[in-house]
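Survey of secondary and tertiary structure
Residue-level listing of the chains:
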Amino acid sequence: MYNIFIIYTGGTIGMVKDSETGTFIPFDFKLIEKNLPDLSRLNYKLTVHSFDPIIDSSNMRPSIWLEMAKIIKDNYELYDGFVILHGSDTMAYSASMLSFLLEGLQKPVIFSGSQLPIGEIRTDARENLMTALEIASAKKDGKSIIQEVCILFDNKLFRGNRSFKYNSDKFEAFRSPNYPVLAEAGIHIRYNDEVLANNEGKDFICHYHIDNRVGVLKLFPGISVETIKAVLNSDVRSIVMETFGSGNTMTDSWFLELLEGAIKSGKNILDISQCKVGSVELGRYETSQGLQCIGVLNGYDMTFETAVTKLMYLQGEIESQEEVAHWIQQSLRGELTKND
Ligand code: ASP
């Protein structure tokens, strides 16, 4: 019998329709148990921790990330794996953040949820939860097959810090175009062994510090000087700059001077692309060469969700801006691939 710990944070999976307003509102875990009587027939001993209150994931925040990490740390030795039921809207942010907070994992932490509530006839909740439980308990030679934080949705297992929600309409809600799918569930669950994290021999360390002083500058043709200044002058330590194509920006001297001023004042500026597939390649075009010269940092192929959460994590752990700048450009949990 496998021991699985379920952390229930909320999300559509356990929502019901309010009869008066017609909107979906979170409901407690009893609703899931009621709709899945098979749970008690399975070869799992389930322990459930429900957050109070349970939330729509649009209300996710750093204090809940830290609480989730602590629950896993406190129960780590007692369970074979962990399943986190979570709304899909911000699941990729939470999975990314947990991947950084939980270093050296040798057990699976599987995020899942659904697009339709578990009480609906055509729900995807049942498949997702059952498959997540199976993956959370899967072992080979006595060791967990999955040793990282993942997202399981619509029969696909993704590395958490490589995925993002790309579809709010289909059951196939997530993608991770810059990293292969870790496993696919059909009649059998097939693991893509070569791309799985292997943390054998590493120490499991839970980190408890987050510093959310991160800003975002999304560029678009015609963006005003005032908008750029407002972001660059805000009270943050780092700014994720979402650029064009392989990391390109306009080359106007006033723009580069503003960026350089912010960098000189001690802020980190991280270049990630607005493209969902591919990587930043600083210096490939003239339009990104100037950025390299003034010290803009390379975000390579990180997702936006990972860039933001990784900065919050690094800033929580490290005081020195130079060190944050160094580590943001390294792969810590398989979240980026370098191309230079
Ligand atoms: N709004 C919901 C949430 O993220 C959507 C979902 O669960 O899929 O909590």
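- By the naming in an unreviewed UniProt entry, the protein goes by asparaginase and is assigned to Sphingobacterium cellulitidis.

1. Focus: the overall build of the protein
- In terms of regular secondary structure, the protein is built from nine helices and 20 strands.
- The C-alpha radius of gyration computed for the protein amounts to 21 Å, which stays within 12% of the reference 20 Å derived for 340 residues, consistent with globular compactness.
- Split into buried and exposed, the 340 residues of the protein put 54% on the buried side.
- Excluding contacts between residues fewer than 6 apart, the proportion of contacts in the protein whose partners are at least 24 apart in sequence is 73%.
- Approximately 15,400 Å² of the protein is accessible, and the part contributed by carbon and sulfur atoms is 48%.

2. So, the pattern of salt bridges
- One pass over the structure, following the stated rule, counts 12 salt bridges.
- Note that Glu103 and Arg333 form a salt bridge whose closest N and O atoms lie 3.9 Å from each other. With Glu103 in strand E6 (residues 102-103) and Arg333 in the segment after helix H9 (321-328), this residue pair connects regions lying 230 residues apart in the sequence.
- Residue classification places Glu103 among the partly exposed positions, given a relative accessible area of 27%.
- Where salt bridges share partners, they join Asp211, Arg213 and Arg237 into one cluster.

3. Regarding the site of the ligand
- Near the ligand you find Gly11, Thr12, Asp56, Ser57, Gly87, Ser88, Asp89, Ser114 and Gln115, and these make up its full shell.
- Asp56 has a polar side-chain atom sitting 2.9 Å from a nitrogen atom of the ligand.
- Residue Asp89 places a side-chain N or O atom 2.8 Å away from a nitrogen atom belonging to the ligand.
- In isolation the ligand offers 270 Å² of accessible surface; the protein chains occlude 90% of this area.
- Classifying every residue of the shell around the ligand gives no nonpolar, seven polar and two charged.

Definitions and cut-offs
Counting restarts for each chain: residues are numbered from 1 in the order of the written sequence. At least 70 in pLDDT is required for a residue's local features to be given in this predicted model, at least 80 for side-chain atom pairs to be given and counted, and no such filter applies to totals for whole chains, interfaces and linings, which use all residues. Only hydrogens and water are removed before side-chain values are computed, so all heavy atoms of the structure are retained for them. What counts as a helix is a DSSP run of H or I of at least four residues, what counts as a strand is a run of E of at least two, and both are numbered from the N terminus. Throughout, radius of gyration means the C-alpha value; the globule benchmark is 2.2 Å times the number of residues raised to the power 0.38. Per-residue accessibility, obtained with a 1.4 Å probe over protein chains only, is compared with the maximum for each type, and a residue is labelled buried under 20%, exposed over 50%, and partly exposed between these values. Whether two residues touch is decided by their heavy atoms; if any such pair falls within 4.5 Å, the residues are in contact. Here, Shrake-Rupley sampling with a 1.4 Å probe gives the accessible areas, and only protein chains in the shown set may cover a residue. The term salt bridge refers to a side-chain nitrogen of Lys or Arg lying within 4 Å of a carboxyl oxygen of Asp or Glu. A single heavy atom is enough: if one lies within 4 Å of a molecule or strand, its residue is considered near that molecule or strand. As used in this structure description, the phrase polar contact means that two N or O atoms lie within 3.5 Å; if the pair is within protein, one of them must be able to donate a hydrogen and the other to accept it, and residues adjacent in sequence are counted only when both atoms belong to side chains. Each residue is assigned to one of three groups, with Ala, Val, Leu, Ile, Met, Phe, Trp, Tyr, Cys and Pro labelled nonpolar, Asp, Glu, Lys and Arg labelled charged, and all others, Gly among them, labelled polar.

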